[in-house]
Amino acid sequence: MWYAIEGYDGAGVLARRQAARADHLARLHALRDAGRLLLAGPCPAIDAEDPGPAGFSGSIVIAEFASLEEARAWADADPYCAAGVYARVEVRPFRKVLP
């Protein structure tokens, strides 16, 4: 089943986000390579493609896992969690309808 994983950045964490980005992306590439990633990306903190020093308000990942527990465990192991980027993470089932 698909699961939506939403990580919400804490205040002033842009440098931590940048430092942990390569490890974060490596895990997403592994999901993609396994055919389990629907989409992933950051949410700019301002209405701009490149938010510069404003940074990001968080990230969204929609990926396939065997269970909600597996999705939560994967989210909890994210390098952004370990680096203190995310203030909180929400994981919930997702049903793809379109496209």
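Only a predicted model underlies this, so the values are computations on that prediction, with no experimental measurement involved.

### Side note on unusual backbone geometry
Here's step 1: Going from leucine 98 to proline 99, the amide bond is cis rather than trans, its omega being -10 degrees.
Here's step 2: Relative to the elements of secondary structure, proline 99 occurs in the segment after strand 4 (86-94).

### Details of the sheet that holds strand 1 (residues 2-9)
Here's step 1: Taking strand neighbours across the sheet as the criterion, the 4 strands line up as 2-3-1-4 in an open arrangement whose pairing is antiparallel. The open sheet has two free edges, formed respectively by strand 2 (37-44) and strand 4, since each of these has just one partner strand. Strand-to-strand, the axes of this sheet are offset by a mean angle of 10 degrees, without reference to chain direction.
Here's step 2: Two strands pair when backbone bridges link them, and strand 2 and strand 3 (residues 56-64) are joined in this way by 7 bridges, in the antiparallel orientation. If you follow proline 42 over to strand 3, its bridge partner there is serine 59.
Here's step 3: Helix 1 (residues 14-33) contacts strand 1, strand 2, strand 3 and strand 4 of the sheet and is inclined by roughly 10 degrees relative to strand 3.

### Digging into the layout of surface pockets
Here's step 1: Volume-wise, the largest pocket comes out at about 270 Å³.
Here's step 2: Those elements that provide at least two residues to the lining of the largest pocket are helix 1, strand 2 and strand 3.
Here's step 3: Per-element tally for the lining of the largest pocket: the top contributor is helix 1, with 7 residues.
Here's step 4: Considering only residue class, the lining of the largest pocket consists of 9 nonpolar, 5 polar and 2 charged.

### Observations regarding the environment of valine 89
Here's step 1: Assignment of secondary structure puts valine 89 in strand 4.
Here's step 2: Along the primary structure valine 89 and tyrosine 8 are separated by 81 residues, whereas in three dimensions their C-alpha atoms are 6.2 Å apart.
Here's step 3: Dropping the residues within four chain positions of it, valine 89 is found in contact with Ile5, Glu6, Gly7, Ala75 and Cys81.

Calculation rules
- Numbering of residues begins from 1 in every chain and follows the order in which that chain's sequence is written.
- Only residues with pLDDT of at least 70 are given local features in this predicted model, and only at 80 or more are side-chain atom pairs given and counted; all residues enter the totals for whole chains, interfaces and linings.
- For the side-chain quantities, the full set of heavy atoms in the structure was used; hydrogens and water were omitted.
- The helix and strand labels rest on DSSP assignments: H or I over at least four residues marks a helix, E over at least two residues marks a strand, and numbering proceeds from the N terminus.
- Should DSSP find at least two bridges between two strands, the strands are taken to pair.
- Axis geometry follows a simple rule: fit a line to the C-alpha atoms, using only the stretch in contact for helices, then measure angles between N-to-C directions, giving values from 0 to 180 degrees.
- Contact definition: two residues touch when any of their heavy atoms are within 4.5 Å.
- Cavity and pocket criteria rest on a 1 Å grid covering protein atoms alone: a 1.4 Å probe that fits but cannot get out defines a cavity, protein on both sides within 12 Å along at least 5 of 7 lines defines an open pocket, and an atom within 4 Å of a point defines a lining residue.
- Grid points are joined across faces, edges and corners, and a volume is the space filled by probe spheres set on the points.
- All residues other than Ala, Val, Leu, Ile, Met, Phe, Trp, Tyr, Cys, Pro, Asp, Glu, Lys and Arg, Gly among them, are scored as polar; the first ten of these are nonpolar and the last four charged.

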